[in-house]
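# Coordinate inspection notes
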Amino acid sequence: MSVKEKKNYWIYREAPSVSPASRYLLNVLVACGIISVASLSDWWFREVHIGNLALYLILSVILWWSLIRLTIQWISYLKIKKPQEVSAPEGLRVAIFTTSSPGEPLSMFDKTLEACKNIRYPHTTYLLDDTGDPRFGEIALKHGAVPIELIGYPGAKAGKINEALKRTSEEFILVLDPDHIPFPCFLDKVLGYFDDPEVGYVQVSQAYYNQYRSFSAKGAAEQTYNFYGPTQMSLYGFNSAVAIGANCTFRRAALESAGGHGVGLAEDLVTAIRIHGQGWRSVYAPIIVSRGLVPEEIGSFSKQQLKWARGVHEVLFDELPQNRARLTFWQRLSYFTIGTYYLNGLTVFLFIIIPYLFLWFGILPAKMDFTDFIIRWLPIGISGTAIYIYVQRWLCHREVERGTHWRGMVLKFASWPVFLLGFILSLLNRKIPYIPTSKKAVRGISPYIYAIIFQQLLFIITLIVVIIRRKYFTEAASLPLSSGFIWGLVAFAFIPVVISTSALYSYLESISINSAEPLKNTTLTHLK
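Described below are features of the structure shown in this document. (Residues numbered from 1 in each chain as written. Predicted model: local features only at pLDDT ≥ 70, side-chain atom pairs only at ≥ 80, totals over all residues. Heavy atoms only, no water.)

## Side note on the overall build of the chain
Worth spelling out the cut-off: In this description a helix means any DSSP run of H or I spanning at least four residues, a strand means any run of E spanning at least two, and both kinds are numbered starting from the N terminus. Every radius of gyration here is taken over C-alpha atoms, with the globule rule written as 2.2 Å times N^0.38, N being the number of residues. Exposure categories follow from relative accessible area, calculated using a 1.4 Å probe and restricted to protein chains: below 20% of the type maximum is buried, above 50% is exposed, and the middle band is partly exposed. Here the accessible surface of atoms and residues is derived via Shrake-Rupley with a 1.4 Å probe, and residues count as covered only by protein chains that are part of the display.
In terms of regular secondary structure, the chain is built from 20 helices and 11 strands. Scaling as 2.2 N^0.38, a compact globule of 528 residues should have a C-alpha radius of gyration of about 24 Å, and the chain matches this with 25 Å. Principal-axis analysis of the C-alpha atoms places the extent of the chain at approximately 85 × 50 × 50 Å. Per-residue burial over the chain gives 55% buried out of 528 residues. For the chain, the exposed surface amounts to about 22800 Å²; the carbon and sulfur share of it is 62%.

## Observations regarding the environment of K471
Summarising the element assignment, K471 is placed in helix α19 (residues 449-472). Separated by 286 residues in the primary sequence, K471 and C185 have C-alpha atoms spaced 70 Å apart.

## A few points about the state of the cysteines
In protein chemistry, a disulfide is the covalent bond that joins the sulfur atoms of two cysteines. The condition that has to hold: Throughout, a disulfide means two cysteine sulfur atoms within 2.5 Å of one another.
A complete count under the given rule lists 0 disulfides for this structure. No disulfide involves C185; its sulfur sits 13 Å from that of C396, the nearest cysteine. For C185, a relative accessible area of 5% gives the class buried.

## Comments concerning the pairing of strand β9 (residues 281-285)
Definition in use: DSSP-based pairing: two strands are paired if at least 2 bridges between them are found.
Taking burial as the measure, the 5 residues of β9 include 4 buried ones, the bulk of the element. Sheet topology places strand β7 (residues 199-204) next to β9; 5 bridges connect them, and they run parallel. Within β9, the residue paired with V199 across the bridge is R281.

## So, the sheet that holds strand β5 (residues 172-175)
To be explicit about the condition: Note on definitions: angles span 0 to 180 degrees between N-to-C directions of axes, and those axes are lines fitted to C-alpha atoms, for helices only across the stretch in contact.
Pairing within the open sheet is mixed, and its 7 strands lie in the order β4-β3-β2-β5-β8-β7-β9. Only two strands of the sheet have a single partner each, and these edge strands are β4 (146-149) and β9. The sheet shows a mean angle of 20 degrees between the axes of neighbouring strands, taken without regard to direction. As judged from the 6 bridges shared by strand β2 (residues 94-100) and strand β3 (residues 124-129), these two strands associate in the parallel manner.

## Here's the deal with unusual backbone geometry
The phi torsion at A156 lies on the positive side, around 50 degrees, for a residue other than glycine. Along the chain, A156 falls in helix α6 (residues 156-167). On the basis of relative accessibility, which here comes to 26%, the residue A156 falls in the partly exposed class. Its identity as a non-glycine residue notwithstanding, N239 has a phi of 55 degrees, on the positive side. As for its position among the elements, N239 is in the loop between α9 (227-237) and β8 (248-251).

## Here we look at the pattern of salt bridges
For the record, the criterion: Salt-bridge detection follows one rule: a side-chain nitrogen of Lys or Arg within 4 Å of a carboxyl oxygen of Asp or Glu.
Considering all chains together, one arrives at 16 salt bridges under this definition. Across the pair E14 and K82 runs a salt bridge, and its minimum N-O distance is 2.6 Å. Residue E14 is found in strand β1 (residues 13-14), and its partner K82 is found in the loop between α3 (53-77) and β2; the two are separated by 68 residues along the sequence. Linking R135 and D133 is a salt bridge whose minimum nitrogen-to-oxygen distance equals 2.8 Å. Each of E163, K166 and R167 takes part in a single network of salt bridges with overlapping partners.

## Examining helix α4 (residues 106-117)
Here is the rule: By this rule, a helix spans an expected 1.5 Å times one less than how many residues it contains. By definition in these notes, contact holds between two residues if any of their heavy atoms fall within 4.5 Å.
The terminal C-alpha atoms of α4, which comprises 12 residues, lie 17 Å apart, in line with the 16 Å expected from a rise of 1.5 Å per residue. Where α4 is concerned, the buried positions are M108, F109, K111, T112, L113, A115 and C116. Buried residues in α4 make contact with β2, β3, α5 (134-142) and β6 (181-182).

## Digging into the packing of aromatic side chains
The condition that has to hold: Working definition: rings of Phe, Tyr and Trp (its six-membered ring) pair if their centres are within 6.5 Å, and the pair is stacked with planes under 30 degrees apart, edge-to-face with planes over 60 apart, and tilted otherwise. By definition here, charges over rings are those cases where NZ of Lys or CZ of Arg is within 6 Å of the ring centre and within 35 degrees of the ring normal.
According to the stated counting rule, one finds 24 aromatic pairs in the structure shown. When the centroid spacing of 5.9 Å and the interplanar angle of 65 degrees are considered together, the rings of W44 and F373 count as edge-to-face. Of this pair, W44 sits in helix α2 (residues 20-44) while F373 sits in helix α15 (residues 370-390), and the two are 329 residues apart along the sequence. When its relative accessible area of 17% is taken as the criterion, F373 is described as buried. Geometrically, the ring pair formed by F351 and F492 is edge-to-face, given 4.7 Å between the ring centres and 70 degrees between the ring planes. Of the two residues, F351 is situated in helix α14 (residues 344-361) and F492 in helix α20 (residues 479-509); the sequence distance between them amounts to 141 residues. For F492, a relative accessible area of 11% translates into the label buried. By the ring-pair criterion, three or more aromatic residues cluster together here, those being W43, W44, Y56 and F373. One cation-aromatic arrangement involves R393 over W394; the distance from NZ or CZ to the ring centre is 6.0 Å.

Below is the structure:
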């Protein structure tokens, strides 16, 4: 295969199967990781390390919350599994639902509906339209789709899906976001799994055709690579594969048993929980049978993340407790870890401010040498990196998706103000509207940049104050005694500054980003 073919976004891709040898080596790596975590735990929780008790407890929660989540992910890899492909039987009645909303570009629907028409397995495509614009109905008819006008129905996308369920009768429904271009083989690759009458839905990978267009687009895509590869494959091994808002094919009976498609900012998670709660099984097929859009600039990305942050907390506080008794242990655990993902905003905020409490006010959270901590933490870092790189053998498009994914990590860290706002809105029970993610780049400065700039200025001012204090106001005899704590915490404070400095590029990039429609000059003749 040529380099050009390896990087071609528009052909079918799939993750490899899990061999006994690869599983054995993965088990060894996970065991090493767990041992390294246990070793750090034995060292960390020693009375001699306690400074200010309250801050020590907060610091411990921050660190060990992250490590416990990481350990759970490692353990889940032990059940990584790829389903054996099943040929699609003839004669199934299949519907494709895609939705349109005011403000979305008409040209995008021209491409998506054309691609739906080219799907080989017999089906009916429905455009669930609430734009009030007759051109959308016309373009649906042009490509053999059935327009259903659904103006003013509550529940946004999910509300339109539920109303369309009442007006249609097909036994299987593919929910497809309008920015996703399905490949002709899409239904052939998923319908066979429904031979098992207990399967309620089949989810496939989400992949993106515009990820090359900006730093933010690449970073946002990088955040999804492992999730749609080894993570979802591991969840499938525990019958906990998550339904995502696009590219999911449902059995009508499963949706009806769950009371229809879930409504809310995280309607896909609500739907998955309810279907699992009714005893249905889920399948995750690690295949790329469509390509969609990822936010191209930090403003659109932040709006999407705020919506999800607020939405998953609704799931955590409302939906999960209501269905807890009907879920398996691992389903409860996986939905809990997903529901608490956006607590990262709170933990990063605390991680940022803790060193400043000592550098400004002399409040020491923990009595430990920073170098000693790094040495103790190093085995976890090595094990975690080894596992992260190793499981990339199960990515769906390895030639493009393998790597350190540093842009994704930078973007995640820089999103702490967004995540924190979502958490606060959840605590206050404040609602935010469901707004579809922009389908093209929007020029401008995101307001969240001010939190990042404040973080940079705070470090610079603090560093200047520390230098002045030690040069002019600290006795020479005490300088060596305090150096370890002082410079260790300065280094601690410097870590998020380095990461956020990289993130500033994504904010500045949004000022002059090309806002052209990504699909404008794309043809579909090359889809395979």
